[in-house]
Amino acid sequence: MTAHEYPAAPSSASAPSSVPAPSSVPAPASVPAPASVPAPASVPAPASVPAPASVPVPAPVPPPAGSPEAAPQRPGRDRYFDLLRSLALVRVVVYHLFGWAWLTILFPSMGVMFALAGSLMARSLERPAPSVIRGRIRRLLPPLWAFSAVLLTLMFAGGWNPAKDPDLGGTWGVVELFDYLVPVGAPPYPWSLGSDSGLLESTWAEQAVGPLWYLRAYLWFVVASPLLLWALRRVPWATLLAPLALTAVLGTGLVTIPGETGNAVTDFAVYGGCWVLGLAHQEGVLRRIPRYAAVSCSTLLMAFGLWWASGHQGPEGWDLNDIPLAQATWSLGFVAILLQYSPSWPELPGRLARWDRLVTLSNNRAVTIYLWHNMLIMATGPLIDRAYDLPFMQNDRAVAALDSTYTFWMFVLVWPLIGLAILVFGWIEDIAAKRGPRLWPNGKKRGRPRARQV
């Protein structure tokens, strides 16, 4: 705290030396007082009033140890980042539900999530790197273990035996189950389990395991972050563009890496630029670039991504998830603009404030929402199918109406199911972060009884 500065006392405040102290005896009558000088008989002597200039300025007293003023204040959450993360999660759920390819262009959620995670990782690396990496892994693994326990139980109950699965190579399939505990690679799963006429479609295991690729990529980015940050501080542009160059080599087919190893390397290359961009944002590298230059270069990069996608469309058309080079360039340019205009909100402004609790909840349960959302989307199907047995649905018109709005009702039902998953499994994220477990951490402050006054 800066000490207050007191201005020096003005010189007119001190007693004038040319005027003698008045006596208590009145002036003799024979000596007339000059007309222009008032009689000072009624003026009290100012000798007893100390001059303000001589008053010493008290030195600021430091706050006692342990007081709130003495403790260094930790930087608060950036609500702009929290809002972007919430939007990314919603976009992921909507995309996996409706499958609209244009959503990958409207908001490249995975690139945004990796960039935000990279920025937070760079801030954490102000502490020793080994402890930061251990902390990040500790927060990631317990929610994964809970998800894996449920998923493996369902797959084993459905008759899957990884040791006898011909697609996994016998014993090696059992060894790969370790990826359900620590996502260093792609976990095994049966390509088909059950039947299409059963409660879930036969590909439910593949869809449930799908989101785990993000945890694998996140884990490798966390481990590589100290090296990436070291390189960024020495050769920033080379570090930022290296993942993009690797994506160009892989995305154009110059080099082909088969199997899940190729998928892992491709994911690391495609989203590595966004992660490094998050590191650069925290390091202040983006602030040294003029905004007009950053936006212009980002726009050109995004335009190239769309141009490349137009000539290399996959089975889903404009879905950038199937076009690595287009995904990398579009996501990198998009994220660069978001970070360039980053306002760093301490709280959500204006009308956005009404979404504050949902934004807080989704950020506190981001891992839970991401892990479980695909399984919960599939769980909406059997629930909606029960509606066909209702008495008022026993006509062709009602059945046709439900058929035409089936996906809409899946969208309506998935959010209560996500809320249920937060209640059942979300508290594990608190335990992993060494916090007290909370069922619904939406930021709402509980009322506390007032302390009794003595």
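Use the structure listed above.
The structure displayed is predicted, hence computed values, not measured ones.

This part is about the overall build of the protein chain. Assigned secondary structure in the protein chain consists of 16 helices and 0 strands. Taking all 454 residues of the protein chain together, 40% fall into the buried category. Counted over contacts in the protein chain with a minimum sequence separation of 6, partners at least 24 positions apart contribute 72%. Surface exposure of the protein chain reaches about 27,100 Å², of which carbon and sulfur atoms provide 64%.

Next up on the list: a nonpolar patch on the surface. A surface patch of nonpolar side chains, amounting to about 640 Å² of accessible area, comprises Trp145, Phe178, Leu181, Val184, Trp220, Val223 and Phe268. Mapped onto the fold, Phe178 is located in the loop between helix H5 (171-175) and helix H6 (204-209).

What follows concerns the packing of aromatic side chains. Counted by the stated rule, this structure contains 28 aromatic pairs. When the centroid spacing of 5.9 Å and the interplanar angle of 75° are considered together, the rings of Tyr218 and Trp275 count as edge-to-face. Of this pair, Tyr218 sits in helix H7 (residues 212-234) while Trp275 is found in helix H9 (residues 259-283), placing the two residues 57 residues apart along the sequence. Comparing Tyr218 with Trp275 shows no difference in burial state: the two are buried.

Further remarks concern unusual backbone geometry. Where the residue is not glycine, phi is negative for most of them; where a peptide bond is considered, it is trans in most cases. In this structure, Ser344 is a non-glycine residue whose phi angle is positive, near 55°. By the secondary structure assignment, Ser344 is in the loop between helix H11 (324-340) and helix H12 (356-364). Phi at Lys434 is positive, roughly 60°, even though this residue is not glycine. Relative to the helices and strands, Lys434 is located in the segment after helix H16 (427-432).

Taking 1.5 Å of rise per residue, 20 residues should cover 28 Å, and helix H15 (residues 406-425) covers 28 Å from first to last C-alpha, within 8% of that figure. Along H15, the positions that sit buried rather than exposed are Tyr406, Met410, Val414, Leu417, Ile418, Gly419, Ala421 and Ile422. Packed against the buried residues of H15 are helix H1 (79-98), H12, helix H13 (366-385), helix H14 (396-404) and H16.

The next point concerns the packing of helix H8 (residues 236-251) against H11. Their axes nearest at 8 Å, the elements H8 and H11 cross at an angle of 160°. On the basis of the axis angle, H8 is roughly antiparallel to H11. Here the hand of the crossing between H8 and H11 comes out left-handed. Every residue of H11 that contacts H8 at Leu240, Leu244, Thr247 and Ala248 is listed here: Pro324, Leu325, Ala328, Thr329 and Leu332.

Looking now at the nonpolar core. Counting 98 residues, the largest nonpolar core has Phe114, Leu151, Met155, Tyr180 and Trp275 as its most contacted members. The element contributing the most residues to this core is H7, with 11 residues. Setting aside residues up to four positions removed in sequence, Tyr180 forms contacts with Leu144, Trp145, Ser148, Leu151, Leu152, Met155, Pro187, Pro188, Tyr189, Val209 and Leu212.

Position of Ser86 relative to the elements: it lies in helix H1. Here the side chain of Ser86 touches Ser362 through a polar contact of 2.6 Å, side chain to side chain. If near-sequence neighbours (up to four positions away) are discounted, Ser86 is found in contact with Val359, Ser362 and Asn363.

With that settled, the discussion passes to the environment of Ile337. Following the sequence through the fold, Ile337 ends up in helix H11. Taking the C-alpha atoms as reference points, Ile337 and Ser296, separated by 41 residues in sequence, lie 9.4 Å from one another. Beyond its immediate sequence surroundings of up to four residues, Ile337 is in contact with Ser298, Thr299 and Met302.

Opposite charge on two side chains permits pairing when their charged atoms draw close. Applying the stated criterion across every chain, the model contains 10 salt bridges. The partner of Asp82 in a salt bridge is Arg79, and the shortest N-O contact between them spans 2.9 Å. In this pair, Asp82 and Arg79 are both assigned in helix H1, 3 residues apart and thus about one turn of the helix distant. Each member of the pair, Asp82 as well as Arg79, is classed as buried. For Glu260, the salt bridge is made with Arg216, and the minimal N-O distance between the two is 3.6 Å. Of this pair, Glu260 sits in helix H9 while Arg216 sits in helix H7, and the two are 44 residues apart along the sequence. We classify Arg216 as buried; its relative accessible area is 5%. Through salt bridges with shared partners, one network takes in Arg77, Arg79, Asp82, Arg85 and Asp356.

Right, let's get into the environment of Leu181. Inspection of the secondary structure assignment puts Leu181 in the loop between H5 and H6. The class of Leu181 is partly exposed, set by a relative accessible area of 43%. Sequence-wise, Leu181 and Leu144 are 37 residues apart; in three dimensions their C-alpha atoms are separated by 7.1 Å. The contact partners of Leu181, leaving out residues within four places of it in the chain, are Leu141, Leu144 and Trp145.

In the contact formed by helix H3 (residues 109-124) and helix H4 (residues 129-157), the axes pass within 10 Å of each other and the chain directions differ by 140°. Judged by the angle between their axes, H3 and H4 are oblique. The segment H3 lies against H4, with Leu120, Met121 and Ser124 engaging Val132, Ile133 and Arg136. Across the contact of H3 with H4, the residue classes break down as 4 nonpolar, 1 polar and 1 charged.

Relative to the elements of secondary structure, Arg354 occurs in the loop between H11 and H12. Only 3.3 Å separates the side chain of Arg354 from the backbone oxygen of Arg351, close enough to count as a polar contact.

The rules we used
Residues numbered from 1 in each chain as written. Predicted model: local features only at pLDDT ≥ 70, side-chain atom pairs only at ≥ 80, totals over all residues. Heavy atoms only, no water. Helix = DSSP H or I, 4+ residues; strand = E, 2+ residues; numbered from the N terminus. Buried < 20%, exposed > 50% of the residue type's maximum accessible area, 1.4 Å probe, protein only. Contact = heavy atoms within 4.5 Å. Areas by Shrake-Rupley, 256 points an atom, 1.4 Å probe, with all protein chains shown as cover. Patch = residues over 30% accessible without salt bridge, like charges linked within 9 Å, V, L, I, M, F, W, Y side chains within 5 Å. Salt bridge = Lys/Arg side-chain N within 4 Å of Asp/Glu carboxyl O. Phe/Tyr/Trp six-rings, centres within 6.5 Å; stacked < 30°, edge-to-face > 60°. Expected span 1.5 Å × (residues − 1). Axes fitted to C-alpha atoms, helices over the stretch in contact; angles between N-to-C directions. Parallel < 35°, antiparallel > 145°, perpendicular 65-115°, else oblique. Left-handed = near helix turned anticlockwise from the far one by under 90°. Core = buried A, V, L, I, M, F, W, Y, C linked by side-chain atoms within 4.5 Å. Polar contact = N/O pair within 3.5 Å; in protein donor to acceptor, adjacent residues only side chain to side chain. Nonpolar A, V, L, I, M, F, W, Y, C, P; charged D, E, K, R; others polar.

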